[in-house]
Amino acid sequence: MPETKTPPPVRIDPTRLQAMMEGVCVFGGGSDGALTRLTLSREDGQARDWLAAWFSAHGLTPKVDPIGNQFGVLELAGPGAPTVMVGSHLDSQPNGGRFDGTLGVLAACEAILSVREALDAAGLASACNFAVANWTNEEGARFQPSLLGSSVFTGAAELDWALARRDGDGITVAEALSRIGYAGTDAVPVPDAFIELHIEGGPILEREGLRFGAFTRYWGATKYRLAFLGRQAHTGPTPMAERRDALLGAAYLIADLKAMVADYGLDLHTSVGRLEVRPNSPNTVPSEAVLFIELRSGSPAILEEAELRLKAAIELACARAEVGHEVRSIDRRAAGPMAPGLVRLAERAGAANGTTTRHLDTIGGHDAVSLSAVCPAVVLAVPCRGGVMHHPTEFTSPEDQAFGTQVLADMLMILATDGMAAIESEGGRS
């Protein structure tokens, strides 16, 4: 096992972190705590400009790649040295919360800045370079699929295909990037490790009175965009037996998806989070109902079985409502483990701060899931009140934000001291 060195102490500045949070939440923030900062919107462009200015003011080199992923690069070890990337995303859900994604980007800024200050104070060089990442369209609220920017970055999605994705108004990703000035050209290489700090988005840490966790595995997801196809008609004179109601077919399927989970305990989540009805008139039988369907599980076998049951349920719903259907897109994300070496490094840094690191599953997607295909990656978690996420009441206390950022900074300092050997000695990626 490689010899480890004693890293110099590093202390983040909680006041500086909160000032950053207050500064960036102006863009898209509402008076009730809500945040609406859809990817590549005007508000997202303003937040990106704010971040780029922060990079320049603090000695990080701003870069933007062709899918609009935004980076701040800090070369402390020089060319050829390994790079540890840290970050998350600044885009939000509509009427969402202020901490999902945003905390991860700002914590990365504060942790890297604090590590550089501590190294300078100790007169030490770093064994690695650092980079902050703000990924494009993590949320998938405006453009589908989610994790779009990180998927292009890792090669899981083709750039031209991603740039051609359209929102509900027909605007492409390429057009939206150009409008806000983030159609970049920089080539940013895959890092040697990626770390993402996030709010838990669940109740476990708060319920158990714990301050810190690490996601050790991520669930898989299968996402369908499905259209039920009926026949438009007047809701008054059209006899009930002659109606071909697309929305009725959707209703049958939604109910069946909910009922399906009873057979799998806690191992399957299903949802229809978005429904588009046409012509969407109160006195017209719907001719089309488009559903955005999700199946999620940590078990590949359960996910496969659930998809077979979904297909059967679609046929049954069509027969009951006497309508047709069309599958318009299918996106799949496999389940898998986070890097054990980074999980153990998180445990080491957590213990140095007097906390147990709770092992968790991430059921929602994170950009670290994309990165895990090409480098060691992990998502760290701090509590959120009531487990609430994607809602204006989403909240993580300043103390918990600072605590997670401090653990993150300690992890980065260990990597700055020992380099990638710190991950290898902690168990590698196996």
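These numbers were taken from a predicted model, which means no experiment stands behind them.

## Thoughts on the overall build of the protein
- Within the protein, the regular secondary structure consists of 13 helices and 15 strands.
- Here the C-alpha radius of gyration of the protein, 23 Å, is about what a compact globule of 430 residues would show, namely 22 Å.
- With respect to the principal axes defined by its C-alpha atoms, the protein has extents near 85 × 45 × 40 Å.
- In the protein, buried positions account for 55% of the 430 residues.
- Here the contacts in the protein between residues at least 6 apart in sequence split such that 80% fall between residues at least 24 apart.
- Accessible surface computed for the protein: about 17,400 Å², of which carbon and sulfur atoms make up 52%.
- One finds the centroid of the 36 positive side-chain charges in the protein at a distance of 4 Å from the centroid of its 52 negative side-chain charges.

## Here's the deal with the nonpolar core
- Among the nonpolar cores identified, the biggest contains 84 residues, and Ile195, Leu380, Leu412 and Leu415 are the most heavily contacted of them.
- Counting residues per element, this core draws most heavily on helix α3 (residues 102-122), which supplies 12 residues.
- Sequence-distant contacts of Leu415, that is, excluding residues within four places in its chain, are made with Val84, Ala127, Cys128, Ile195, Leu345, Met420, Ala422 and Ile423.
- Listed in part, the 24 residues of the second largest apolar core include Ala250, Met260, Leu295 and Ala321.

## Quick look at the pattern of salt bridges
- On inspection of all chains with the given rule, the structure shows 18 salt bridges.
- Between Asp263 and Arg309 there is a salt bridge; the shortest N-O distance is 3.0 Å. Here the residue Asp263 occupies a position in the loop between α8 (246-260) and β9 (269-278), and Arg309 occupies one in helix α9 (residues 300-321), the gap between them amounting to 46 residues.
- Judged by relative accessible area, Arg309 falls into the partly exposed class, the value being 31%.
- Salt-bridge contacts for Glu294 lead to Arg296; the nearest nitrogen and oxygen are separated by 2.9 Å.

## A short note on a nonpolar patch on the surface
- A cluster of nonpolar side chains, namely Leu247, Ile254 and Leu275, defines an oily patch on the protein surface of about 200 Å² accessible area.
- One can find Ile254 in helix α8.

## Some points on the packing of helix α2 (residues 42-57) against α3
- Direction vectors running N to C along α2 and α3 enclose 5°, while the axes themselves pass 12 Å from each other. Of the possible angle classes, the one that applies to α2 and α3 is roughly parallel. Where α2 approaches α3, its residues Trp50, Leu51, Trp54 and Phe55 are matched on the opposing element by Val105, Leu106, Cys109 and Leu113.
- Across the contact of α2 with α3, the residue classes tally to 8 nonpolar, no polar and no charged.

## As for the state of the cysteines
- The final tally for this structure, using the stated rule, is 0 disulfides.
- Here Cys128 stays free of any disulfide, with the sulfur of Cys375 as its closest cysteine sulfur at 13 Å.
- Accessibility expressed as a relative area gives 0% for Cys128, which makes it buried.

## Some details on the pairing of strand β6 (residues 213-218)
- Pairing of β6 with strand β15 (residues 377-382) involves 3 bridges; the strand directions are antiparallel. Residue pairing across strands places Gly213 opposite Ala381, the latter belonging to β15.
- Sheet topology note: the β6/strand β14 (residues 358-362) ladder contains 5 bridges and is parallel. When the bridges of β14 are listed, Arg217 appears paired with Asp361.
- Here 2 bridges tie β6 to strand β13 (residues 336-337), and the two strands are oriented antiparallel to one another. Its bridge partner being in β13, Tyr218 is matched across the sheet by Gly336.

## Describing the packing of aromatic side chains
- Scanning the model with the defined rule gives 6 aromatic pairs in all.
- Relative to Phe153, the ring of Trp135 has its centre 5.0 Å away and its plane inclined at 65°; by these criteria the two rings are edge-to-face. Taken together, the residues span a long stretch of sequence, with Trp135 in the loop between β4 (129-134) and α4 (148-154) and Phe153 in helix α4 at a distance of 18 residues.
- Note on Phe153: relative accessible area 12%, which makes it buried.
- Members of the aromatic cluster, each reached through a chain of ring pairs, are Phe71, Trp135, Phe153 and Phe194.

## Describing the environment of Lys258
- Mapped onto the elements of the fold, Lys258 is located in helix α8.
- Residue Lys258 is classed as exposed on the basis of its relative accessible area, which comes to 63%.
- Note: C-alpha distance between Lys258 and His269 (11 residues apart in sequence) is 8.6 Å.

## Comments concerning α2
- For α2, built from 16 residues, the straight-helix expectation of 22 Å at 1.5 Å per residue is met to within 8% by its first-to-last C-alpha distance of 23 Å.
- Asp44, Gly45, Ala47, Arg48, Leu51, Ala52, Trp54 and Phe55 are the residues of α2 that are buried.
- The inward-facing, buried residues of α2 abut α1 (14-24), β1 (61-64), β2 (70-74), α3, β4 and α6 (173-180).
- A positive phi of about 80° marks Gly59, the residue just after α2.

What counts, and where the lines are drawn
Residues numbered from 1 in each chain as written. Predicted model: local features only at pLDDT ≥ 70, side-chain atom pairs only at ≥ 80, totals over all residues. Heavy atoms only, no water. Helix = DSSP H or I, 4+ residues; strand = E, 2+ residues; numbered from the N terminus. Rg over C-alpha atoms; globule rule 2.2 N^0.38 Å. Buried < 20%, exposed > 50% of the residue type's maximum accessible area, 1.4 Å probe, protein only. Contact = heavy atoms within 4.5 Å. Areas by Shrake-Rupley, 256 points an atom, 1.4 Å probe, with all protein chains shown as cover. Lys, Arg positive; Asp, Glu negative; His and termini not counted. Charge placed at Lys NZ, Arg CZ, Asp CG, Glu CD. Core = buried A, V, L, I, M, F, W, Y, C linked by side-chain atoms within 4.5 Å. Salt bridge = Lys/Arg side-chain N within 4 Å of Asp/Glu carboxyl O. Patch = residues over 30% accessible without salt bridge, like charges linked within 9 Å, V, L, I, M, F, W, Y side chains within 5 Å. Axes fitted to C-alpha atoms, helices over the stretch in contact; angles between N-to-C directions. Parallel < 35°, antiparallel > 145°, perpendicular 65-115°, else oblique. Nonpolar A, V, L, I, M, F, W, Y, C, P; charged D, E, K, R; others polar. Disulfide = S-S within 2.5 Å. Pairing = 2+ DSSP bridges. Phe/Tyr/Trp six-rings, centres within 6.5 Å; stacked < 30°, edge-to-face > 60°. Expected span 1.5 Å × (residues − 1).

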